[in-house]
Amino acid sequence: MEVPTDETETFAVDKQTKKHTPLYHPNKSSKTKVSYHYNPEVANYHYGTLHPMKPFRLMLTDHLVSTYKLHEKMDLYTPRRATKDELLQFHSEDYIDFLQSVTPETVKRLSDQTLAKFNIGDDCPVFDGMFDYSSIYAGASLDASRKIIAGMSDIAINWSGGLHHAKKFEPSGFCYINDIVLCIINLLRIYPRVLYVDIDLHHGDGVQEAFYTTDRVMTVSFHKYDGEFFPGTGSGDEVGIGKGKNFSINVPLRDGVDDESYVALFKLIMQGVIPKFQPSIIVAQCGADSLGGDRLGRFNLSLKGHGSCLNFLKSFEIPMVVLGGGGYTPKNVSRLWCYETAVLTDTTLNGKIPNYGGTYQWFGDEGLHPELTGKIENKNTKRYLESVLQNSLEHLRYLDYAPSVQMYEIPPDL
Ligand code: LLX
Ligand code: CA
Ligand code: ZN
């Protein structure tokens, strides 16, 4: 394959056959404004060699997106970092001061009590530049929210975000700053109702906890649950409290769920939730650890199954912030998020990854949709899935109004 010479060329050329293969087919004349929020610095941080979270997966994703020329279909932003004041909209000052001051050197001198207080350990180590890293990805989710608020985007993507486990006072499950909560808090300044949908393998505990008592944010998480699997929360009876009662929905699944049952369950639940809650905006967390073959995964989803959930949300034509999340097989993470960027920009990609732009060394001839290896036995019986569906729909029945609030002032796009 050869690099196209003309910048506007959207065909890959096979040298031997001189055959031109289109890189993508535009599906329709799309009027949806899609923006892409990415600060490339975020990919340069390291949690440590043995840690499964590899920020370079974001560089791979960005390369693949540009190899397919999807950048041409979006407004591109390199967002500024989140400020300390912005981080304090959710996190405690004590915790932010700690994140800002601790280094891999000083952490060695901290007491066990302080390490326990700030949940520092193997999952959440102190690494070089941890605070800067956090303010970069959080800055990108805030930027996405600002472009939606300003009416400049209908769909705003930040694949470096989606750190749903971080808590007000501490990090959790590799997540330090909860960019999702910060993004939703910003959206709530304008929009009466925010729907949060989480298709990461894990329960979106940090986001659920932050909005557990309000009816202005509805959280829906699909995840593996057996009472022990990290983070241990997310049973079907966690539904919210006080004004927030019935505004949290949890869809607990067993090992090995496949496309067919996951997508069907997702559609049935979301087509119940959306008309009832009538969100003004949707925030979607698209963790890639729910894919089959993920290094830490337990599900069997394909790129197409995962992407069809996102496409289903898009079909409601409600503004949407789209975020990343977990995902521990970097090549599959980048395949997924590139594929989903195509879904969001109404583009059909050629499954053969173009052999230019430096991505060939990573993907070889495997293509965009390789058979995901390491299938896990499906422990979700028809009967179990039916009970999960009934439980979710039952809670939805109690949700009979879409709350409204009086809005006074539209804040500026800072
Ligand atoms: N679920 C999740 C979502 C986003 C990030 C991390 C996680 N955590 C895990 O997947 C996990 C796995 C095993 C044990 C504990 C947690 C995340 C995304 C980007 C950057 C950092 C974290
Ligand atoms: Ca989830
Ligand atoms: Zn996860």
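Worth saying up front: this structure is predicted, and the values here are computed from it rather than measured. (Residues numbered from 1 in each chain as written. Chains lettered and ligands numbered in written order. Predicted model: local features only at pLDDT ≥ 70, side-chain atom pairs only at ≥ 80, totals over all residues. Heavy atoms only, no water.)

### Examining the pairing of strand β6 (residues 155–158)
Neither face of β6 is open: one carries Ile155 and Ile157, the other Ala156 and Asn158, and all of them are buried. Pairing between strand β4 (residues 34–37) and β6: three bridges, direction parallel. Across the sheet, residue Ser35 finds its bridge partner in β6, namely Ala156. Note that β6 and strand β11 (residues 320–323) share four bridges and pair parallel. (Buried < 20%, exposed > 50% of the residue type's maximum accessible area, 1.4 Å probe, protein only. Helix = DSSP H or I, 4+ residues; strand = E, 2+ residues; numbered from the N terminus. Pairing = 2+ DSSP bridges.)

### A few points about the coordination of the zinc ion (ligand 3)
Of the protein atoms, only Asp200 (OD), His202 (ND1) and Asp289 (OD) coordinate the zinc ion (ligand 3), at distances of 2.0 Å. We classify His202 as buried; its relative accessible area is 9%. (Donors = N, O, S within 2.8 Å, 3.2 Å for Na, K, Ca; no water.)

### Considering the environment of Met59
With respect to the element layout, Met59 can be found in helix α1 (residues 57–67). The class of Met59 is partly exposed, set by a relative accessible area of 30%. Linking Met59 and Phe316, residues 257 residues apart in sequence, is a C-alpha distance of 31 Å.

### Comments concerning the pattern of salt bridges
Enumeration according to the criterion identifies 19 salt bridges in this entry. Put simply, Asp205 and Lys167 hold a salt bridge, and the shortest N to O gap is 3.0 Å. Of the two residues, Asp205 is situated in helix α7 (residues 205–210) and Lys167 in the loop between β6 and α6 (179–188); the sequence distance between them amounts to 38 residues. Like Lys167, Asp205 is buried. A single salt-bridge network, built from bridges that share partners, covers Arg80, Glu86, Asp143, Arg146 and Lys147. (Salt bridge = Lys/Arg side-chain N within 4 Å of Asp/Glu carboxyl O.)

### Let's talk about the site of ligand 1
Lining the immediate environment of ligand 1, one finds 20 residues, of which His164, His165, Gly173, His202 and Tyr328 sit closest. Within the side chain of His165, a nitrogen or oxygen atom sits 2.9 Å from a nitrogen atom of ligand 1. Tyr328 has a polar side-chain atom sitting 2.5 Å from an oxygen atom of ligand 1. Considering only residue class, the shell around ligand 1 consists of nine nonpolar, eight polar and three charged. (Near = heavy atom within 4 Å. Polar contact = N/O pair within 3.5 Å; in protein donor to acceptor, adjacent residues only side chain to side chain. Nonpolar A, V, L, I, M, F, W, Y, C, P; charged D, E, K, R; others polar.)

### Here's the deal with the coordination of the calcium ion (ligand 2)
Around a metal, the perfect tetrahedron of four donors has angles of 109.5 degrees, and the perfect octahedron of six donors has angles of 90 or 180 degrees. Every protein donor of the calcium ion (ligand 2) is accounted for by Asp198 (O), Asp198 (OD), Asp200 (O), His202 (O), Ser221 (OG) and Phe222 (O), and the metal-donor separations fall at 2.4 to 3.1 Å. For the calcium ion (ligand 2), the six donor atoms in the first shell make angles of 69 to 164° at the metal, a pattern classed as irregular. Here the donor residues for the calcium ion (ligand 2) map to a single chain with the spacing D-x1-D-x1-H-x18-S-F. A residue pair is termed long-range when its members are at least 10 positions apart, and Asp198 in strand β7 (residues 194–198) and Ser221 in strand β8 (residues 217–224) qualify at 23 residues. With a relative accessible area of 0%, Asp198 lands in the buried category. Assessed through its relative accessible area of 5%, Ser221 is described here as buried. (Tetrahedral: all angles 85-135°; square planar, octahedral: opposite > 155°, others 65-115°.)

### Quick word on empty space enclosed by the protein
Counted according to the given criterion, the structure contains one cavity of 30 Å³ or more. Looking at the largest cavity, its volume works out to about 50 Å³. Of all the secondary-structure elements, those providing two or more residues to the lining of the largest cavity are β4, α1 and β6. Ranked by the residues each element gives to the lining of the largest cavity, the list is headed by α1, at three residues. (1 Å grid on protein atoms, 1.4 Å probe; cavity = no way out; pocket = protein on both sides within 12 Å on 5 of 7 lines; lining within 4 Å. Points joined across faces, edges and corners; volume = space filled by probe spheres on them.)

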